[in-house]
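Here's the letter readout for the chains.
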Amino acid sequence: MQKWLWFSSGLFLVMTAICIYLEFYYIALLPAALAVVWAAFFKIEWLYYIVVFFTPLSLNLEEMKIGGVGMYLPTEPLLFGMLLIFIFKVISGKSIDKKIFTHPISYFIYIYLGWMILSTITSQMPLVSAKFVITKMWFIASCYFLAVHLFQKAVNTKAFFVLYMIPLCGVVIYAVTRHAEFGFDKESAHWVMEPLYKDHTSYGAVLAMYFPIALGFLFLKNLSLIQRSFLMVVFLILTVGLVLSFTRAAWVSVVGAAVVLIVMQTRVKLSTLIITGAVGAILILFSWEQIQIALESNKQESSDDLDEHVSSISNVSSDASNLERLNRWNCAIEMFKEKPVMGWGPGTYQFFYAPFQRAEDLTIISTKSGDGGNAHSEYLGPLCEQGVMGMALMVVLLLMVCHYGFKLYYRTKSFEMRLLGLISFMGLLTYFIHGVLNNYLDTDKASIPFWGFIAVMVAIDLYWLPLEEAARKNR
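Sequence order sets the numbering: in each chain, residues are counted from 1 along the sequence as written. Reporting in this predicted model follows two pLDDT cut-offs: at least 70 for local features of residues, and 80 or more for side-chain atom pairs to be given and counted; totals over whole chains, interfaces and linings ignore these cut-offs and use all residues. Working from all heavy atoms in the structure, the side-chain values ignore hydrogens and water.

### A short note on the packing of helix α12 (residues 248-265) against helix α18 (residues 380-411)
Every axis corresponds to a line fitted to the C-alpha atoms, with the helix fit spanning only the stretch in contact, and the corresponding angles, defined between N-to-C directions, vary from 0 to 180 degrees. Counting from the N terminus, the helices are the DSSP runs of H or I reaching at least four residues and the strands are the DSSP runs of E reaching at least two. Viewed as axis vectors pointing N to C, α12 and α18 meet at an angle of 45°, and their least axial separation amounts to 11 Å. By the angle between their axes, α12 is oblique relative to α18. At the point where α12 passes α18, the crossing takes the right-handed sense. On α18, the residues touching Val260, Val263, Met264 and Gln265 of α12 are Gly405, Phe406, Tyr409 and Tyr410. For classification, angles of less than 35 degrees are called roughly parallel, those exceeding 145 degrees roughly antiparallel, those between 65 and 115 degrees roughly perpendicular, and all remaining angles oblique. The crossing is said to be left-handed when, going from far helix to near helix, the turn is anticlockwise and less than a right angle, and right-handed when the turn is clockwise. In this analysis, two residues are considered to be in contact whenever any of their non-hydrogen atoms come within 4.5 Å of each other.

This is the structure in structure tokens:
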């Protein structure tokens, strides 16, 4: 064994020397690549944690004008490999608990992916849609199915949260340091997080998702003084990042989640909350003209001043960002009207919305060529790309997450598991609220925590609640 070790080490040194001489420096990545391959077969949880840790630090090749490929490195190649491993484990019947595949949310995911595949068959751009679906599959396989299996242990759940928050704090420090050079003004807040995040809205959305996580961790019991101090620093860093992101949708999402938490404290039933929300939506619909007049009277532009920036949230008369969002929404609705059943195909909005722009909706930031991105809505995007079923599935997922969020909060007796379920639910709520105004589930930055948070809730429902209920019956 020792001889083989010396031989392989010597061989690697010779190979490295030759590659350096030939100016092929990628040989330095070989040990890391071999370690990843080893982890994939023998320590899949390590590979998952590597993906989680590097997600906030991942780089999009297309945005960096490298190769013209829209791929995030190093996360997406690793996720693709994990998808293949997951498929192998399912076929061979190894290592994955069968209960995970029969949970109601898992059944929902089968329908969700099934409809996405059907709308890919009828897509106007099948290759684009196929890539979109495959990307979605490797997010779900790794960050939901494999994650639920890992989250049977609470320690793995806490590791998942911490391993994302630590590099996210690094991103905040990087962005805030750059932001300080420009006096913390609003304009520079839009890009100081590049190239780690493509803009301030995606950055703010993820910070909003982890705000409840960082806050909730401060309430964990049995923490040492050093651990609690460290978590306090993490919370303060993420709070500063959230405020200085100048992302109004992120601020609104945190407030919205806080309101739901207050409602949960009163132990109001979810059905009552849904009925109240439905009635409120109907009242808004019938009063829309009066509301629109009131909104149009707001002339406050987005500003460096935080108070004025908050006031500009409802400005739909002159704020370019708000008006452009309305333009994208109108395009999505018009596209839906043309193809209401199957839609234009997953991931295709950005290629077809340009002709649907009306002259009166165009803003100073609109592009006539329609190369400005997506529909800016996690609900209207699927509506035009996958038809009415696409939007309905997103609404159903929201309702299912709310159902399990309320169920776990009201029925879990363990303080720690109840807290982990609650902060996961709050983090998801911030995204669902934010999703009205933006959509990022096609990126690793948002998808990994999104499906990971759902996995935490499902793991508690599958493995912890039954133990507690069995214990109560045996008393």
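Picking up where we left off.
### What about the confidence of the model for the chain?
pLDDT expresses how confident the predictor is about each individual residue, on a scale running from 0 to 100. Of the residues in the chain, 78% have a pLDDT of 70 or more, and the chain-wide mean is 83. In the model of the chain, helix α15 (residues 306-311) stands out as the element of lowest mean pLDDT, 48, in contrast to helix α6 (residues 104-121), which has the highest, 96. Segment residues 308-312: pLDDT under 50, and 18 contacts once partners within four positions in sequence are set aside and those in other chains are kept.

### Considering unusual backbone geometry
At the junction of Glu194 and Pro195, the peptide bond is cis and its omega measures out at 0° in the coordinates. Secondary-structure assignment places Pro195 in the loop between α9 (186-189) and α10 (200-217). Look at Phe184: it is not a glycine, yet its phi comes out positive at around 55°. Under the relative-accessibility criterion, Phe184 is labelled partly exposed at 34%. Here's how the labels work: a residue is buried when its accessible area is under 20% of the maximum for its type, exposed when over 50%, partly exposed in between, all with a 1.4 Å probe on protein chains only.

### Description of the packing of aromatic side chains
For any pair of aromatic rings, the description consists of the separation of the ring centres together with the inter-plane angle of the planes. Pairs were defined over the aromatic rings of Phe, Tyr and Trp, the Trp ring being its six-membered one, requiring ring centres within 6.5 Å. Orientation was assigned from the angle between planes: stacked under 30 degrees, edge-to-face over 60, tilted for the rest. According to the stated counting rule, one finds 30 aromatic pairs in the structure shown. Centre to centre, the rings of Phe53 and Phe54 are 5.4 Å apart; their planes meet at 85°, and the pair counts as edge-to-face. Relative to Phe217, the ring of Phe161 lies with its centre 5.8 Å away and its plane at 85°, an arrangement referred to as edge-to-face. Here Phe161, found in helix α8 (residues 154-180), pairs with Phe217, found in helix α10; they are 56 residues apart in sequence, far enough to count as distant. Judged on exposure class, the residue Phe161 and its partner Phe217 are both buried. One aromatic cluster is present, built from ring pairs that chain together Tyr48, Tyr49, Phe151, Phe160, Phe161, Tyr164, Tyr210, Phe217 and Phe453. Definition used: whenever NZ (Lys) or CZ (Arg) falls within 6 Å of the ring centre and also within 35 degrees of the ring normal, the charge is taken to sit over that ring. Of note, Lys339 hangs over the ring of Trp344, and the distance from its end group to the ring centre comes to 5.1 Å. Stacked on the ring of Tyr409, the Lys or Arg Arg418 has its end atom at 4.2 Å from the ring centre.

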